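Structure at a glance
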Amino acid sequence: MLILIPLAAAFIFRRAGCLLGRRQLVVITMFAVAFGFVEASVVVYLRAATGLLPGYNESLADVRRSQQLYQPDKSITQIPQSLVTIEVCREAATMIMLTTVALLAAATIRARWAAFLWAFAFWDLSYYAGLWATIRWPTSFRDLDVLFLIPVPWIAQVWFPLLVSSLTILVIAVSCRGEYSR
(Lines give C-alpha, C1' and ligand atoms only; values in the text may rest on other atoms or scores of the structure.)
Protein backbone atom coordinates (compact mmCIF):
# COMPACT_ATOMS: atom_id res chain seq x y z
CA MET A 1 0.00 0.00 0.00
CA LEU A 2 2.90 2.39 0.60
CA ILE A 3 3.56 2.54 -3.13
CA LEU A 4 0.28 4.45 -3.38
CA ILE A 5 1.82 7.42 -1.55
CA PRO A 6 3.78 8.82 -4.53
CA LEU A 7 0.81 8.07 -6.81
CA ALA A 8 -1.57 9.90 -4.47
CA ALA A 9 0.87 12.81 -4.25
CA ALA A 10 1.06 13.00 -8.05
CA PHE A 11 -2.72 13.09 -8.22
CA ILE A 12 -3.09 15.71 -5.46
CA PHE A 13 -0.40 18.04 -6.79
CA ARG A 14 -0.97 17.61 -10.55
CA ARG A 15 -2.92 20.84 -11.11
CA ALA A 16 -2.11 23.32 -8.37
CA GLY A 17 1.41 22.17 -7.60
CA CYS A 18 2.62 21.58 -4.08
CA LEU A 19 2.79 25.25 -3.11
CA LEU A 20 6.21 25.05 -1.51
CA GLY A 21 9.09 27.29 -2.49
CA ARG A 22 12.72 26.35 -2.91
CA ARG A 23 13.72 27.81 0.45
CA GLN A 24 11.03 25.81 2.24
CA LEU A 25 12.13 22.61 0.52
CA VAL A 26 15.79 23.23 1.38
CA VAL A 27 15.05 23.94 5.05
CA ILE A 28 12.75 20.91 5.34
CA THR A 29 15.43 18.77 3.69
CA MET A 30 18.07 19.98 6.15
CA PHE A 31 15.87 19.07 9.09
CA ALA A 32 14.87 15.70 7.64
CA VAL A 33 18.42 14.63 6.76
CA ALA A 34 19.75 15.58 10.20
CA PHE A 35 16.82 13.89 11.92
CA GLY A 36 17.25 10.75 9.83
CA PHE A 37 20.82 10.45 11.03
CA VAL A 38 19.71 10.95 14.63
CA GLU A 39 17.20 8.12 14.18
CA ALA A 40 19.88 5.84 12.70
CA SER A 41 22.14 6.66 15.64
CA VAL A 42 19.40 5.75 18.12
CA VAL A 43 18.94 2.39 16.39
CA VAL A 44 22.68 1.71 16.53
CA TYR A 45 22.82 2.67 20.23
CA LEU A 46 19.79 0.54 21.09
CA ARG A 47 21.10 -2.52 19.27
CA ALA A 48 24.59 -2.13 20.77
CA ALA A 49 23.21 -1.63 24.29
CA THR A 50 21.02 -4.73 24.04
CA GLY A 51 23.75 -6.92 22.52
CA LEU A 52 21.86 -7.21 19.22
CA LEU A 53 24.51 -5.57 17.05
CA PRO A 54 26.61 -8.47 15.73
CA GLY A 55 30.33 -7.90 16.03
CA TYR A 56 30.05 -4.87 18.33
CA ASN A 57 32.63 -5.02 21.09
CA GLU A 58 33.86 -1.50 21.55
CA SER A 59 33.97 0.09 18.13
CA LEU A 60 31.90 0.34 14.99
CA ALA A 61 34.90 -0.94 13.04
CA ASP A 62 34.26 -4.28 14.78
CA VAL A 63 30.71 -4.27 13.41
CA ARG A 64 31.90 -3.49 9.90
CA ARG A 65 34.39 -6.38 9.97
CA SER A 66 32.00 -8.85 11.58
CA GLN A 67 31.02 -11.90 9.58
CA GLN A 68 27.66 -11.95 11.34
CA LEU A 69 24.84 -10.07 9.68
CA TYR A 70 22.73 -7.49 11.43
CA GLN A 71 19.14 -8.64 10.99
CA PRO A 72 16.69 -6.03 12.30
CA ASP A 73 13.67 -8.10 11.30
CA LYS A 74 14.81 -10.86 13.68
CA SER A 75 16.24 -8.64 16.42
CA ILE A 76 12.89 -6.95 17.04
CA THR A 77 11.64 -10.16 18.68
CA GLN A 78 14.72 -10.25 20.92
CA ILE A 79 14.45 -6.73 22.32
CA PRO A 80 12.87 -6.62 25.79
CA GLN A 81 9.18 -5.61 25.70
CA SER A 82 9.90 -2.48 27.75
CA LEU A 83 12.27 -1.28 25.02
CA VAL A 84 9.78 -2.21 22.29
CA THR A 85 7.31 0.09 24.06
CA ILE A 86 9.90 2.86 24.01
CA GLU A 87 10.53 2.18 20.30
CA VAL A 88 6.80 2.52 19.55
CA CYS A 89 6.73 5.82 21.47
CA ARG A 90 9.86 6.98 19.59
CA GLU A 91 8.15 6.20 16.28
CA ALA A 92 5.08 8.14 17.34
CA ALA A 93 7.31 11.06 18.36
CA THR A 94 9.03 10.89 14.98
CA MET A 95 5.70 11.21 13.17
CA ILE A 96 4.73 14.11 15.44
CA MET A 97 8.02 15.91 14.70
CA LEU A 98 7.71 15.41 10.94
CA THR A 99 4.10 16.62 11.10
CA THR A 100 5.11 19.64 13.19
CA VAL A 101 7.73 20.64 10.62
CA ALA A 102 5.08 20.42 7.90
CA LEU A 103 2.67 22.55 9.96
CA LEU A 104 5.36 25.18 10.51
CA ALA A 105 6.60 25.16 6.91
CA ALA A 106 3.32 25.70 5.09
CA ALA A 107 -0.05 27.40 5.43
CA THR A 108 -2.41 25.28 3.34
CA ILE A 109 -3.40 21.64 3.73
CA ARG A 110 -1.98 20.78 0.31
CA ALA A 111 1.35 22.47 1.04
CA ARG A 112 1.52 20.87 4.49
CA TRP A 113 0.90 17.46 2.96
CA ALA A 114 3.70 18.11 0.46
CA ALA A 115 6.02 19.30 3.25
CA PHE A 116 5.27 16.21 5.35
CA LEU A 117 5.86 13.81 2.46
CA TRP A 118 9.06 15.64 1.48
CA ALA A 119 10.37 15.54 5.06
CA PHE A 120 9.37 11.91 5.54
CA ALA A 121 11.05 10.83 2.30
CA PHE A 122 14.34 12.60 3.05
CA TRP A 123 14.23 11.41 6.67
CA ASP A 124 13.77 7.82 5.46
CA LEU A 125 16.60 8.01 2.92
CA SER A 126 19.00 9.62 5.39
CA TYR A 127 18.07 7.02 8.02
CA TYR A 128 19.31 4.22 5.75
CA ALA A 129 22.33 6.29 4.71
CA GLY A 130 23.12 6.85 8.40
CA LEU A 131 22.89 3.15 9.15
CA TRP A 132 25.14 2.34 6.22
CA ALA A 133 27.66 5.04 7.18
CA THR A 134 27.91 3.81 10.78
CA ILE A 135 27.48 0.03 10.66
CA ARG A 136 27.57 -0.71 6.91
CA TRP A 137 24.00 -1.95 6.95
CA PRO A 138 22.09 -2.60 4.78
CA THR A 139 24.55 -4.77 2.93
CA SER A 140 22.03 -5.26 0.13
CA PHE A 141 18.82 -3.59 -1.00
CA ARG A 142 17.22 -6.99 -0.45
CA ASP A 143 17.96 -7.00 3.30
CA LEU A 144 14.83 -7.18 5.43
CA ASP A 145 14.03 -4.31 7.78
CA VAL A 146 11.35 -3.43 10.27
CA LEU A 147 9.87 -0.31 8.70
CA PHE A 148 7.49 0.56 11.53
CA LEU A 149 6.08 -0.97 14.67
CA ILE A 150 2.86 1.06 14.59
CA PRO A 151 0.24 -0.42 14.63
CA VAL A 152 2.02 -3.74 14.04
CA PRO A 153 5.52 -4.52 12.75
CA TRP A 154 5.88 -3.78 9.01
CA ILE A 155 8.70 -5.80 7.51
CA ALA A 156 9.98 -5.35 3.96
CA GLN A 157 13.15 -5.41 1.94
CA VAL A 158 15.12 -2.17 2.09
CA TRP A 159 14.64 -1.40 -1.62
CA PHE A 160 10.93 -0.85 -1.05
CA PRO A 161 11.03 2.17 1.32
CA LEU A 162 13.94 3.58 -0.70
CA LEU A 163 11.84 3.35 -3.87
CA VAL A 164 8.74 4.88 -2.26
CA SER A 165 10.77 7.74 -0.76
CA SER A 166 12.64 8.41 -4.01
CA LEU A 167 9.43 8.45 -6.05
CA THR A 168 7.79 10.74 -3.50
CA ILE A 169 10.68 13.20 -3.72
CA LEU A 170 10.54 13.08 -7.52
CA VAL A 171 6.78 13.74 -7.61
CA ILE A 172 7.00 16.66 -5.20
CA ALA A 173 10.06 18.15 -6.93
CA VAL A 174 8.27 18.03 -10.28
CA SER A 175 5.07 19.43 -8.74
CA CYS A 176 6.93 22.27 -7.06
CA ARG A 177 8.98 23.28 -10.08
CA GLY A 178 6.69 26.23 -10.75
CA GLU A 179 6.96 27.33 -7.13
CA TYR A 180 10.75 27.69 -7.14
CA SER A 181 10.57 31.38 -7.92
CA ARG A 182 9.45 32.10 -4.33
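Let us look at helix H2 (residues 22-49). Side chains that are three or four residues apart share a direction in an α-helix, a result of its 3.6 residues per turn. With 28 residues, H2 should reach 40 Å at 1.5 Å per residue; the first-to-last C-alpha distance of 40 Å fits that figure. Phi turns positive, to about 75 degrees, at Gly51, one or two residues after H2.

Our focus in this paragraph is the pattern of salt bridges. Note that side chains of opposite charge can pair when their charged atoms are close. Considering all chains together, one arrives at two salt bridges under this definition. Arg90 is the salt-bridge partner of Glu87, the closest N and O atoms lying 2.8 Å from each other. Highlighted residues: Glu87 and Arg90, both in helix H5 (residues 81-105), separated by three residues, approximately one helical turn. The burial state of Glu87 is the same as that of Arg90; both residues are buried.

Moving on to the nonpolar core. The tendency in soluble globular proteins is for nonpolar side chains to be buried as a group. Of all hydrophobic cores here, the largest spans 44 residues; its most connected members are Leu20, Leu131 and Ile135. Elements that contribute at least two residues to this core include exactly helix H1 (4-13), H2, H5, helix H6 (109-135), strand E1 (144-148) and helix H7 (159-176). Broken down by element, this core gets its largest block of residues, 15 residues, from H6. Excluding residues that lie within four positions of it along the chain, Leu131 makes contacts with Ala40, Val43, Val44, Arg136 and Trp137.

Our next topic: the pairing of strand E2 (residues 154-157). Along any regular strand the residues' side chains alternate between the sheet's two faces. Bridge analysis of E1 against E2 gives four bridges, and the strand direction is antiparallel. Note on E2: the bridge partner recorded for Leu144 is Gln157.

What follows concerns the side chain of Ser165. Tracing the backbone shows Ser165 in helix H7. Residues in contact with Ser165, not counting those within four places in the same chain, are Ala121, Asp124 and Leu125.

Rules of the game
- Residues numbered from 1 in each chain as written.
- Predicted model: local features only at pLDDT ≥ 70, side-chain atom pairs only at ≥ 80, totals over all residues.
- Heavy atoms only, no water.
- Helix = DSSP H or I, 4+ residues; strand = E, 2+ residues; numbered from the N terminus.
- Expected span 1.5 Å × (residues − 1).
- Salt bridge = Lys/Arg side-chain N within 4 Å of Asp/Glu carboxyl O.
- Buried < 20%, exposed > 50% of the residue type's maximum accessible area, 1.4 Å probe, protein only.
- Core = buried A, V, L, I, M, F, W, Y, C linked by side-chain atoms within 4.5 Å.
- Contact = heavy atoms within 4.5 Å.
- Pairing = 2+ DSSP bridges.

None of the figures reported here should be taken as evidence of function without further support.
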